[in-house]
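# Examination of the molecular architecture
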2 protein chains.
Amino acid sequence: MSEVVRIGLLGHGTVGTAFAELIAGGADEIAVPAGRRPEIVGVLRRSEGAFGEILERSEIVVELIGGIDPAREYVLAALRAGRHVVTANKQLVAQHGEELFEAAREAGVQLRFEAAVAGVVPVIRVIQESLAATEITKVFGIVNGTTNFILSEMANTGASYEEVLARAQELGYAEADPTEDVGGADAAAKMAILARLAFHTQVSLADVSYEGITEIQPDDLAYAKELGLSLKLLGVAERIDEGISVRVFPCFLYRGHPLAPIEGPFNAVMVEAPTITEITMSGPGAGGVETATAVLGDVVSILAGEAPVHQLRRELPAIDDVASSFYLHLEVADRPGVLARIADVLGRNEISVQSVVQRGLGDDARLVMVLHGCPERYFYAALAEIGKLDFLRAAPRAIRVIEEEFV
Amino acid sequence: MSEVVRIGLLGHGTVGTAFAELIAGGADEIAVPAGRRPEIVGVLRRSEGAFGEILERSEIVVELIGGIDPAREYVLAALRAGRHVVTANKQLVAQHGEELFEAAREAGVQLRFEAAVAGVVPVIRVIQESLAATEITKVFGIVNGTTNFILSEMANTGASYEEVLARAQELGYAEADPTEDVGGADAAAKMAILARLAFHTQVSLADVSYEGITEIQPDDLAYAKELGLSLKLLGVAERIDEGISVRVFPCFLYRGHPLAPIEGPFNAVMVEAPTITEITMSGPGAGGVETATAVLGDVVSILAGEAPVHQLRRELPAIDDVASSFYLHLEVADRPGVLARIADVLGRNEISVQSVVQRGLGDDARLVMVLHGCPERYFYAALAEIGKLDFLRAAPRAIRVIEEEFV
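Computed from a predicted model, the values in this text were never measured in an experiment.

### Some points on the overall build of chain A
Each helix and strand in chain A was counted, giving 13 helices and 16 strands. Its C-alpha atoms give chain A a radius of gyration of 27 Å, more than 25% over the compact-globule value 22 Å for 407 residues. In terms of its C-alpha atoms, chain A occupies a principal-axis envelope of roughly 85 × 60 × 45 Å. Counting only contacts in chain A whose residues sit at least 6 apart along the sequence, the fraction spanning at least 24 positions is 71%. If you sum the accessible surface of chain A, you get close to 15,600 Å²; carbon and sulfur atoms cover 48% of it. One finds the centroid of the 34 positive side-chain charges in chain A at a distance of 6 Å from the centroid of its 58 negative side-chain charges.

### A look at the domain arrangement of chain A
Residue and element names in this part refer to chain A. Parsing chain A into structural domains produces domain 1 (4–116), domain 2 (123–284) and domain 3 (323–401). For domain 1 versus domain 2, the separation of C-alpha centres amounts to 27 Å. With 11 residues of domain 1 at the interface, the matching set in domain 2 holds 16 residues. Contact with domain 2 buries surface across domain 1, with Lys-90, Glu-98 and Glu-114 losing the most and accounting together for 42% of the total. Taken together, the connections running from domain 1 to domain 2 amount to three salt bridges. Two residues, Glu-98 and Arg-196, come together in a salt bridge whose shortest N-O distance is 2.4 Å. The element that contributes the greatest number of residues to the side of domain 1 that touches domain 2 is helix α4 (residues 90–107), accounting for seven residues. When its residues are assigned to classes, the side of domain 1 that touches domain 2 shows five nonpolar, two polar and four charged.

### Quick look at the interface of chain A and chain B
In this assembly, 119 residues from chain A lie in contact with 119 residues from chain B. Applying the counting criterion to the chain A and chain B interface returns 28 residue pairs in polar contact (both at pLDDT 80 or more). A per-element tally of the side of chain A that touches chain B places strand β9 (residues 243–254) of chain A first, with 10 residues. Residues of the side of chain A that touches chain B, tallied by class, amount to 59 nonpolar, 28 polar and 32 charged.

Analysis parameters
- Residues numbered from 1 in each chain as written.
- Chains lettered and ligands numbered in written order.
- Predicted model: local features only at pLDDT ≥ 70, side-chain atom pairs only at ≥ 80, totals over all residues.
- Heavy atoms only, no water.
- Helix = DSSP H or I, 4+ residues; strand = E, 2+ residues; numbered from the N terminus.
- Rg over C-alpha atoms; globule rule 2.2 N^0.38 Å.
- Contact = heavy atoms within 4.5 Å.
- Areas by Shrake-Rupley, 256 points an atom, 1.4 Å probe, with all protein chains shown as cover.
- Lys, Arg positive; Asp, Glu negative; His and termini not counted.
- Charge placed at Lys NZ, Arg CZ, Asp CG, Glu CD.
- Domains from an automatic or database assignment.
- Buried area = accessible area lost by both parts, 1.4 Å probe.
- Salt bridge = Lys/Arg side-chain N within 4 Å of Asp/Glu carboxyl O.
- Nonpolar A, V, L, I, M, F, W, Y, C, P; charged D, E, K, R; others polar.
- Polar contact = N/O pair within 3.5 Å; in protein donor to acceptor, adjacent residues only side chain to side chain.

If you want it as structure tokens, here you go:
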């Protein structure tokens, strides 16, 4: 149906490979919001491909090499040649952002980098677009998944930093050389980017003070648990009077704090402003396909441009026959055999009971049950039968329950 | 500095007034990301102003009247006249979305409506842009602040639905006629919009089944607490095989669920897809200035269009002198007077103690304290003094603590 948009891909590591697969698997789906069908016309690998040729053939350049050299040179060349650029490279944007932004402005092209901070959690888009006209006072959160995984594991298992780091490396949550993550430099680069965008002021990486988690001891976490605290590596960027403070440090949070329940390799960012109180966003902070999804979102945004994107893609019928679990509240006469009769109705309708609370009330009793999930029509059939039982003192009350436990 | 963009404002209730104030107070700030300075060139009030004249003078029409008539007629006329439109009107988009989207497509203009769902929580932008190329499988959450406030209050106070509703009306969290909120119709309209955008299929409001919270009894909440459950009015839109299910119902959640801690008039939405696991977003769901902020974000997005937005606006120096509270872990000789000496050092440096845990270890003891907030230089001065005390058995360990309790 639609025209092709030619994408040059620089880098073919974990994220690059995942990005190429997303494009290959979904080019037609992407064409609907984007208006054009994306196609990768050249891939620069370490040992293969020539940047100049790929640039020549591309309309959009996606930089997933990482590091400063040669990524900086390539991105600058692409912007100056009038190509839109999407990158996931936090160090590049944190250290050379102003130079890149200027090149993009001069060429009238877009530079997008949602994947550089908090992976697919859309914190950059929200700060730059949703809150573009809002005076942001503070941006803070958990922006490094490796350290959040390590701290969660230390707290949950009591193991030492060294033991948990080794486990994180086995699981692929930490690099062979984890220095940049565990020392705080990775989070510092991300916080420099967020502070730059939130406060519209130049933020040098040298102005960001940071500490890592290498000195944390298991007994700190044990004592903290007694005090009701959980430990996170926090990045905090805030306006203070006529200045800014951007810092990364391990930090205890009380249980009620929205960031306290963020566990494992997840990221979460909070944005505060007087007109919005606070917005909290969380999701997977890293991973090949998650980062590639964020990169692809940027590509789509470039393509969609100003075009209104409200095309229908398909017809899906409404489905009635969903499964749910239910809480069931019954007021019954307090006599022998009541529970057995109810259990029999439930059993015949293939519904099993997860938990029961029974309590006497003079001649009556209250029976509160949580049932396991079943097709809703089974439940409503059982409920109709129960409603007719002669020992019922009031109409039964049913409320759905989400059984899933998260994290 | 910059050109003016002319905005026609339809409606001057709570949100309209807040929007006009945001524009008046920040037109120059807005001009930086937007490229042009917004100016309201006409306001349609119930008893004042003529739509035709306002349309004539405007480039962007902001519809904040609410309801279907005459909002639908005005929005259609504006789109067909080639004006971009921003609206916060969920019923209009839910009931007449396809007609409006088609009018926008034909005229080549934008129709934006972030404020229609979850206020300033950027769920529409995220579904439409960040995740435009992602196969979303489920969108669900708390999309009505009135009912979430009522359920939180009922659970926390034990009061009846009627009592808490009256209190919500006093506080301005519920309307004089709360039917649309408490009956679930408001949430149903929002879920129809989210399902339409997430699944790219037509969703009729008639296909959305909904229940409200008017039948919830205080003792349901009391029993639920015993079972470790909290009650929310949940909207759930999901792909099921080759169909969709869109529903609104009161629902119990277990404590570990990311939506369980969302209390008061807040909204929260989760988006699930195989490539992203899940993204969670939360924030204030309603309120004049919050909704107006979301409307303004849409206006800025229209204006910014494809232009790269990375202008610096100011120079802010880095500030070192921040205040923090600290956790302090000391290994000391177990002898009398130790705690007094440490307390003396802290007192002289104007630091007060929030909590202490002391534990003996043979001849030694561990002293773990959480201190109240103070300028960090006070704390580091105290720490240097403590480090020199002769009864110290190891270097002191200090970790910051966020004292704030949220919500």
